[in-house]
Structure formats: structure tokens, C-alpha cells
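Chain by chain, the residues:
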Amino acid sequence: MTSPEDSARHRGAGQAPVPMVHLVDDEAAVRDALAFLLRSHGLAARAYASGPELLAALEAGPLRGCILLDVRMEPMSGLQLHDELVARGVTLPVIFLSGHGDIPMAVDALHKGALDFVEKPFSDESLVQRLERALKLEAAHASARTDREREAARLAALTEREHEVMLRVAAGRLNKVIADELHISVRTVEVHRARVFAKLGVRSAAEVASLLARLNVG
């Protein structure tokens, strides 16, 4: 039977990455135990023996889901790996597994954007719940990102004139005012306005303004 990590490793070109827990620990016994725990709770998981191994997977293509990092690893610590992930702009939620003495370091990682840390020894149920929350958070972010990409594509489909009309409609200008500013007829403004609404999938000037705000278009 093919495991979730094998499916992720061998997915074909063009297929979307599978959301899963990407767990990184340099101890094979710990990796195996964590992977078994997660899969027994219905969570897809892929294990990595080191930070460089995870980075290599990221270089091979985008990953979905969340990352579970042990603080103390070789040759790259979890904290060093997290710094590298931040430097590369990786936005997957990160949860640290830390021993008692690692808590100050883990707290520092939270300030750098990590989502959470779990202190050893940990409750299986607590760890699973936190990972489920991280996966839901990443799924919501991915959905919002997809929506923005679709909206950006619709915006890019506008002609130059439609774009000019759109900006003025979003600013609340009346058709007559727009016509005067662009030196075109009111009827032409109405046609362009209707096309803008159709292409963007909106029904009002307020929705146009809201879309532009989401895309940071001024």
C-alpha cells in the first residue's frame, strides 16, 4: 500500500502537493514513532532525517501542510532550519518539539513567526490537536491565496480603458463625471462599467473597491 509520503514524493508533474505534516527529526526511532502516531490519527505525514533533507524537498517543489521540528538536531538545528525557512519566504505553519531547557529558544522562534511549540514529554492528543489546527490554518491561507490569484487574473483580463473606468467606479465617481474625465460618452462608460463588473464577477462599485483593496491596487 502506498503511504502518504510516497504519494507526495512520486506525484506527477502538474499535480497539486498533498497537505500533510512534514516532520523533521534526526533520530530514526522518534521519526517512526511520530509518523505512526500521526497516521493513526488520520493525519498524512512525511518524515525527514534532517533540515537539509526538508530544504531539498522544498527546492523540488512547493509543499502544503505544516512543519513539525525538533529543536535539537544535527547537522542543522531546528532553530537554524526555521531561520532558513523564514529567509526563503516559506509560510507553512511551524510547530517546535522542545525539551524543558529549549523553551527560551522556542519562545524566540515564536517571535520569528513559528506557530507553536510543544514541550517534551508531550501528550499525544495535545500534539495531534495542535497539528490539526496548523493544517486548518494553512488550508485557510491557501484558499485565500487561490482566491486572490483568481481575482488578480480577472483584473489582468481588463483592457486599458476598462481599467481606467474601474478605478473611477471604485472611487465612487458618477458615470457622467467619468465620461468627462476620459472624454468619452456616458453610454460608453456604461458599457465599460458593465464589462468590468462581468469580468471581475462583481455587482457593485463597493465590491470593486473591496477587490482592489484586497489586491492592494490603488
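Everything here concerns the structure above.
Model, not experiment: these values are computed from the prediction. (Residues numbered from 1 in each chain as written. Predicted model: local features only at pLDDT ≥ 70, side-chain atom pairs only at ≥ 80, totals over all residues. Heavy atoms only, no water.)

Caption draft 1: Highlighting the overall build of the protein. Looking only at helices and strands, one finds 10 helices and five strands in the protein. Relative to a compact globule of 218 residues, whose C-alpha radius of gyration would be 17 Å, the protein shows 24 Å and is clearly more extended. Expressed as lengths along the three principal axes of its C-alpha atoms, the size of the protein is roughly 75 × 40 × 30 Å. Burial statistics for the protein: of 218 residues in total, 40% are counted as buried. (Helix = DSSP H or I, 4+ residues; strand = E, 2+ residues; numbered from the N terminus. Rg over C-alpha atoms; globule rule 2.2 N^0.38 Å. Buried < 20%, exposed > 50% of the residue type's maximum accessible area, 1.4 Å probe, protein only.)

Caption draft 2: Spatial organisation of the nonpolar core. Val24, Leu54, Ile67, Leu81, Leu85 and Phe96 are the most contacted members of the largest nonpolar core, which has 23 residues in total. Taken together, the elements giving at least two residues each to this core come down to helix H3 (51-60), strand S3 (64-70), helix H4 (78-87), strand S4 (94-98) and helix H5 (103-111). Per-element tally for this core: the top contributor is H3, with four residues. Among the nonpolar cores identified, the runner-up in size contains 19 residues, and Leu23, Leu37, Ala45 and Val128 belong to it. (Core = buried A, V, L, I, M, F, W, Y, C linked by side-chain atoms within 4.5 Å.)

Caption draft 3: The layout of surface pockets, seen in detail. One number sums up the size of the largest pocket: a volume of about 210 Å³. Sort the elements by how many residues they give to the lining of the largest pocket and helix H6 (residues 124-156) lands first, with three residues. Of the residues assigned to the lining of the largest pocket, the class counts are seven nonpolar, three polar and three charged. (1 Å grid on protein atoms, 1.4 Å probe; cavity = no way out; pocket = protein on both sides within 12 Å on 5 of 7 lines; lining within 4 Å. Points joined across faces, edges and corners; volume = space filled by probe spheres on them. Nonpolar A, V, L, I, M, F, W, Y, C, P; charged D, E, K, R; others polar.)

Caption draft 4: Focus on the sheet that holds strand S5 (residues 116-119). The strand order across the open sheet formed by five strands is S2-S1-S3-S4-S5, and the pairing between neighbours is parallel. On the outer flanks of this sheet lie strand S2 (45-48) and S5, each paired with one strand and no other. Across the sheet, the axes of successive neighbouring strands diverge by a mean angle of 20°, strand direction being ignored. The sheet contact formed by strand S1 (residues 19-24) and S2 spans four bridges and is parallel. Each residue of the ladder has a partner; that of Val24, found in S2, is Tyr48. (Pairing = 2+ DSSP bridges. Axes fitted to C-alpha atoms, helices over the stretch in contact; angles between N-to-C directions.)

Caption draft 5: Representation of the pattern of salt bridges. Under the definition given, this model contains 17 salt bridges. We note a salt bridge from Arg214 to Glu151, for which the minimum N-O separation is 2.6 Å. Within this pair, whereas Arg214 is found in helix H10 (residues 205-214), its partner Glu151 is found in helix H6, the two being separated by 63 residues in sequence. A relative accessible area of 42% means that Arg214 is categorised as partly exposed. In the salt-bridge network here, residues are joined through shared partners; they are Glu59, Glu84 and Arg88. (Salt bridge = Lys/Arg side-chain N within 4 Å of Asp/Glu carboxyl O.)

Caption draft 6: Spotlight on the packing of helix H2 (residues 28-40) against H6. Their axes nearest at 11 Å, the elements H2 and H6 cross at an angle of 70°. On the basis of the axis angle, H2 is roughly perpendicular to H6. Across the interface between the two elements, Leu34, Leu37 and Leu38 of H2 pack against Asp124, Leu127, Val128 and Leu131 of H6. (Parallel < 35°, antiparallel > 145°, perpendicular 65-115°, else oblique. Contact = heavy atoms within 4.5 Å.)

Caption draft 7: Layout of the pairing of S4. Within S4, five of the five residues are buried, which leaves the element mostly enclosed by the surrounding structure. Of the two faces of S4, both are covered, the one formed by Val94, Phe96 and Ser98 as well as the one formed by Ile95 and Leu97. As defined by bridge partners, S3 adjoins S4 across four bridges and the pair is classed as parallel. Each bridged residue has a counterpart across the sheet, and for Leu69 the counterpart in S4 is Phe96.

Caption draft 8: Spatial organisation of the side chain of Glu162. Along the chain, Glu162 falls in helix H7 (residues 160-170). In this structure Glu162 comes out as buried when scored by relative accessible area, which is 3%. A polar contact is formed between the side chain of Glu162 and the backbone nitrogen of Thr159, at a distance of 2.9 Å. Leave out the neighbours within four places in its chain, and Glu162 touches Ala157, His192, Arg195, Val196 and Lys199. (Polar contact = N/O pair within 3.5 Å; in protein donor to acceptor, adjacent residues only side chain to side chain.)

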